[in-house]
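Spelled out from the first residue to the last, the chains are:
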Amino acid sequence: VLGLIAAVIPAVAASSTTFKLTANKTQAKPGDTITYTVSMGAVENIYSIKLKLVFPEGLTYVEGSGKAADGLQALMSASKAEFTEQTKVFIVGSSDYSSASDTLLMQFQCTVDENASGNLEVTFDIDPDNIFDTEYENIDFTVKTASVKVVVPCSHSWNAATCTAPKTCKLCGATEGSAKGHSWSAATCTAPKTCK
């Protein structure tokens, strides 16, 4: 009787990385420009990357601002490393890249729309099948994005200054100027001096 021996081969853990999107500010007002940076965390033997940027209502991509990091194609020994403005897709292809630290991938800018409000967050649309290693195995990844809070300036509606307080905005509580100070009437036989 011929016995079959089943060999147990441990699975090789797939590589993993983190795609990070950071902003140069945490708060912005309508009309402001925000600069975003996309980077990748430590990784082993990555071969392909395809990331699509997704913009929320309230942010407008600045045409001409998006580009792959200088020297990225050579650094990653890639056949290409580019950002396509029309599709908002970043691609690295035919690479064999490993790094123990973060790698800058690209930068771009957005402006805050006039009617924007709340917290705005640019995100990635990533098909897991487009992130793989040199063995064509998918690489596990996580995503970290940045949220920017829109701060709308107040169109002040002022209360008049008083003797003891400067003028104050009825809407946001901001103050401007200084108190008027007391303007005293003369004391009389029956009443002390009083502030006019």
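Because the structure is predicted, anything quoted here is derived from the model rather than measured. (Residues numbered from 1 in each chain as written. Predicted model: local features only at pLDDT ≥ 70, side-chain atom pairs only at ≥ 80, totals over all residues. Heavy atoms only, no water.)

Colleague: When you look at the sheet that holds strand 11 (residues 119–121) in this model, what are you seeing that I'm missing?
Modeller: What holds strands together in a sheet is hydrogen bonding between their backbones, with the strands either parallel or antiparallel. Pairing in this open sheet of three strands is mixed, and the strands run 2-15-11 from one edge to the other. Unpaired on one side and paired on the other, strand 2 (27–28) and strand 11 mark the two borders of the sheet. Across two bridges, the pairing between strand 2 and strand 15 (residues 147–150) is parallel. Within strand 15, the residue paired with A28 across the bridge is V150. (Pairing = 2+ DSSP bridges. Helix = DSSP H or I, 4+ residues; strand = E, 2+ residues; numbered from the N terminus.)

Colleague: I'm lost on the packing of aromatic side chains in this one. Help?
Modeller: Geometry of an aromatic ring pair is reported as the spacing of the ring centres plus the angle between the planes. Under the criterion given, the structure shown has nine aromatic pairs. Arranged with centres 5.0 Å apart and planes meeting at 10°, the rings of Y36 and F108 form a pair that is stacked. Taken together, the residues Y36 in strand 3 (residues 33–40) and F108 in strand 10 (residues 103–112) connect sequence positions 72 residues apart. Taken together through their ring pairs, the aromatic side chains of Y36, F55, Y61, F83 and F108 make up a single cluster. (Phe/Tyr/Trp six-rings, centres within 6.5 Å; stacked < 30°, edge-to-face > 60°.)

Colleague: Help me out: how do you make sense of the sheet that holds strand 18 (residues 175–176) in this one?
Modeller: One open sheet accounts for three strands, arranged 16-17-18; its pairing is antiparallel. The open sheet has two free edges, formed respectively by strand 16 (158–159) and strand 18, since each of these has just one partner strand. In this sheet, strand 18 lies alongside strand 17 (residues 167–169) in antiparallel orientation, the contact comprising two bridges. Within strand 18, the residue paired with K167 across the bridge is E176.

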